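# Analysis of the macromolecular model
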Amino acid sequence: MKVLIIGGAGYIGSHVTKAMALAGHEVTVFDNLSSGLLVNLLPAAAFIAGDIRHADDISAAFSRGFDACVHLAAFKAVGESMVEPEKYSVNNLSGTINILNAASASGCRKIVFSSSAAVFGSPEYVPIDEDHPKNPESYYGFTKLEIERILAWYDSIRGIKFAALRYFNAAGYDPSGDIVGLERNPQNLLPIVMEVAMGWRKELQIFGNDYDTRDGTCLRDYVHVSDLADAHVNALAYLEREGKSLAVNLGSEKGVTVTEMVEAARRVTGRDIPARYTGRRAGDASSLIPTSALARSLIGWNPRLSDVDTLIKSTWDVYRTYRTPTERA
Ligand code: WQD
């Protein structure tokens, strides 16, 4: 299929681009490079520079004719979304509407959408299944949930079939080393742990050790980004085969605490990784663990790389090639 990958130069997008190309699709990346990186653009992909906030940009891209698109272009910082909601409204919400209108006008009837565990809010029970109540606790999470609802309307009115993939904690890097761009100003645990291991940060702050978990630190489901990428390929095949929309949770179903992640990172990297406990971070749930049974049964998804050691080693193998966060050694 001819597939337009919107946000395909970003951290997850570049892994999706690679997986789609390996699966035999003809891929074109559309990205404004606001957080995506030129170094992530894979030779297998054509590139269109453009911005989803500009309806003309995205319409021009779709007018080239695509059978399907993958939409990963979004701001994704939970904390920032509570301070600058306008940014999230314009990019995540209006930008998606621009995409859907352009897809609709051009006859593109399949979309794979990056949704998030953030649609659920604090769990009322774990593991979280797809029917779990959806009460996002951040504006970011609200934008993802709202987009899922808009997708359902475009499905019923325009016949655009969608796969909403709710990622839990994405981590890791392409193990074959084809993708090496580092996220600027990372906010997530593993990149921060890597920055401490590299000596770019003095220490890791562990946000709270009085949670109701086995060691008092938060329990999360870390899922390898290449496993997530495979889910996009499988989801697109499902849309083609079944002609039906779906929304599924994507996690490894292996809960890891912050302390366990740090200890494993010390072992895998051989570095000290100084860490100290600080107070809880506002908005952190104690445990965020999904069941991915639906993804297994509907799209045949089985994560292969989401064990802690592979997550850390594949990330470390990229970080260690850098001298500074922006300069490769
Ligand atoms: C993981 C754990 C922190 C940094 C977020 C979004 C979620 C999804 C994934 C996009 C938590 C702890 C972290 C640090 C720490 N995003 N931590 N010190 O918050 O689980 O999930 O990203 O869709 O919607 O909420 O991910 O990587 O920030 O944190 O102790 O310096 O690591 O408290 O328990 P989170 P994270």
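The structure reproduced in this document is the subject of the present report. (Residues numbered from 1 in each chain as written. Predicted model: local features only at pLDDT ≥ 70, side-chain atom pairs only at ≥ 80, totals over all residues. Heavy atoms only, no water.)

It is worth spelling out the overall build of the chain at this point. Along its length, the chain carries 10 helices and 15 strands. Computed over C-alpha atoms, the radius of gyration of the chain comes to 19 Å, within 12% of the 20 Å expected from 2.2 N^0.38 for 329 residues, which places it in the range of a compact globule. Reported as C-alpha extents along the three principal axes, the dimensions of the chain are approximately 55 × 45 × 40 Å. Within the chain, buried positions represent 53% of all 329 residues. Within the chain, residue pairs in contact and separated by at least 24 positions form 76% of the contacts whose partners lie at least 6 positions apart. In the form shown here, the chain has an accessible surface area of approximately 13,800 Å², with 50% of it arising from carbon and sulfur atoms. (Helix = DSSP H or I, 4+ residues; strand = E, 2+ residues; numbered from the N terminus. Rg over C-alpha atoms; globule rule 2.2 N^0.38 Å. Buried < 20%, exposed > 50% of the residue type's maximum accessible area, 1.4 Å probe, protein only. Contact = heavy atoms within 4.5 Å. Areas by Shrake-Rupley, 256 points an atom, 1.4 Å probe, with all protein chains shown as cover.)

Bringing the pairing of strand β5 (residues 110–116) into the picture now. The buried count for β5 comes to seven of seven residues, which makes it a mostly enclosed element. Neither face of β5 is open: one carries Lys 110, Val 112, Ser 114 and Ser 116, the other Ile 111, Phe 113 and Ser 115, and all of them are buried. Relative to β5, strand β4 (residues 68–71) runs parallel, the two being bridged by three bridges. Residue pairing across strands places Cys 69 opposite Ile 111, the latter belonging to β5. (Pairing = 2+ DSSP bridges.)

To continue, consider the nonpolar core. Counting residues in each nonpolar core, the largest one holds 63 residues, and the members touching the most others are Leu 165, Val 193 and Leu 250. If you tally residues by element for this core, the top one is helix α7 (residues 225–242), at nine residues. Setting aside chain neighbours within four positions, we find Val 193 in contact with Leu 204, Val 262, Ala 265 and Ile 273. (Core = buried A, V, L, I, M, F, W, Y, C linked by side-chain atoms within 4.5 Å.)

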